[in-house]
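# A structural walkthrough
Here is what each chain is made of, one letter per residue.
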Amino acid sequence: VQLQASGGGLVQAGGSLRLSCGASGRTFSNYNMGWFRQAPGKEREFVAAISWTGVTTSYLDSVKGRFTISRGNAKNTMYLQMNSLKPEDTAVYYCAADDTWGSFSRQEDYGMDYWGEGTLVTVSS
């Protein structure tokens, strides 16, 4: 069972990137999914989450209005559209899945059922 994040890269401030998180080994259509990030020398932090229905979303305050989380039609893929990127968005981004909404609602990374390997996003000034 794997989650794999992709889509990271180097972009100038003000630019955009779209991250993807694909699943293999099982279906995640009934799992809540989210994105976390870890900048150099900092703790991992919540970025955004989406419920298994796709109806409920949650965002870190600093990315509201700039990032959009979504799920694919089969709900086994998750995306993070990142616009108006800032140097402080530079981090390794990880996707995660959990069958409960609790940690996502608290914007915590505790107890996630599954984690994917990260993808590096670098925003130059």
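The structure under discussion appears in the preceding block.
This text gives an overview of the structure that appears in the document. (Residues numbered from 1 in each chain as written. Predicted model: local features only at pLDDT ≥ 70, side-chain atom pairs only at ≥ 80, totals over all residues. Heavy atoms only, no water.)

## Observations concerning the overall build of the protein
Spelled out, the test is: Each helix is a run of DSSP H or I of at least 4 residues and each strand a run of E of at least 2, with the numbering of both proceeding from the N terminus. Throughout, the radius of gyration refers to the C-alpha atoms, and the reference size of a globule is 2.2 Å times the residue count to the power 0.38. Here the term buried applies to any residue with accessible area under 20% of the maximum for its type, exposed to any over 50%, and partly exposed to those in between, with areas from a 1.4 Å probe on protein chains only. Any two residues having at least one pair of non-hydrogen atoms within 4.5 Å are treated as being in contact. Each accessible area is a Shrake-Rupley result for a 1.4 Å probe, and residues are judged covered by the shown protein chains and nothing else. Only four residue types enter the tally: Lys and Arg on the positive side, Asp and Glu on the negative side; His and the chain ends are excluded. To locate a charge, take NZ of a lysine, CZ of an arginine, CG of an aspartate or CD of a glutamate.
Summing up its helical and strand segments, the protein has one helix and 11 strands in all. Along the protein, from the amino end to the carboxyl end, the secondary structure elements read β-β-β-β-β-β-β-β-β-α-β-β. Taking 125 residues into account, the globule formula puts the C-alpha radius of gyration at 14 Å, and the protein, at 13 Å, falls close to it. On the principal axes, the C-alpha backbone points of the protein span a range of 40 × 25 × 25 Å. For the protein, the proportion of its 125 residues judged to be buried stands at 41%. The long-range fraction of contacts in the protein, counting pairs at least 24 apart against all pairs at least 6 apart in sequence, stands at 59%. If you sum the accessible surface of the protein, you get close to 6200 Å²; carbon and sulfur atoms cover 46% of it. If you average the places of the 11 positive and of the 11 negative side-chain charges in the protein, the two averages end up 7 Å apart.

## Quick notes on the state of the cysteines
The condition that has to hold: Put simply, a disulfide is two cysteine sulfurs that come within 2.5 Å.
On inspection of all chains with the given rule, the structure shows one disulfide. One disulfide bridge connects Cys21 with Cys95, the sulfur atoms lying 2.2 Å from each other. A torsion of 70° about the S-S bond marks the disulfide between Cys21 and Cys95 as right-handed. On the criterion of sequence distance, the pair formed by Cys21 in strand S3 (residues 17–24) and Cys95 in strand S9 (residues 91–98) is long-range, its members being 74 residues apart. Given a relative accessible area of 0%, Cys21 falls into the buried group. Among the residues examined, Cys95 registers a relative accessible area of 0% and is labelled buried.

## Let's talk about the pattern of salt bridges
When the charged atoms of two side chains lie near each other, side chains of opposite charge can form a pair. Applicable threshold: Put simply, a salt bridge is a Lys or Arg side-chain nitrogen that is within 4 Å of an Asp or Glu carboxyl oxygen.
As enumerated under the stated definition, the model contains six salt bridges in all. Linking Asp89 and Arg37 is a salt bridge whose minimum nitrogen-to-oxygen distance equals 3.0 Å. Of the two residues, Asp89 sits in the loop between strand S8 (77–82) and S9 while Arg37 sits in strand S4 (residues 32–38), which places them 52 residues apart along the sequence. Like Asp89, the residue Arg37 is buried in the burial classification. A salt bridge links Lys64 to Asp61; the shortest N-O distance between them is 3.1 Å. Owing to a relative accessible area of 49%, Lys64 belongs among the partly exposed residues under this scheme. By relative accessible area, Asp61 is classed as exposed at 61%. One continuous salt-bridge network, built from bridges that share partners, spans Arg37, Glu45, Arg66 and Asp89.

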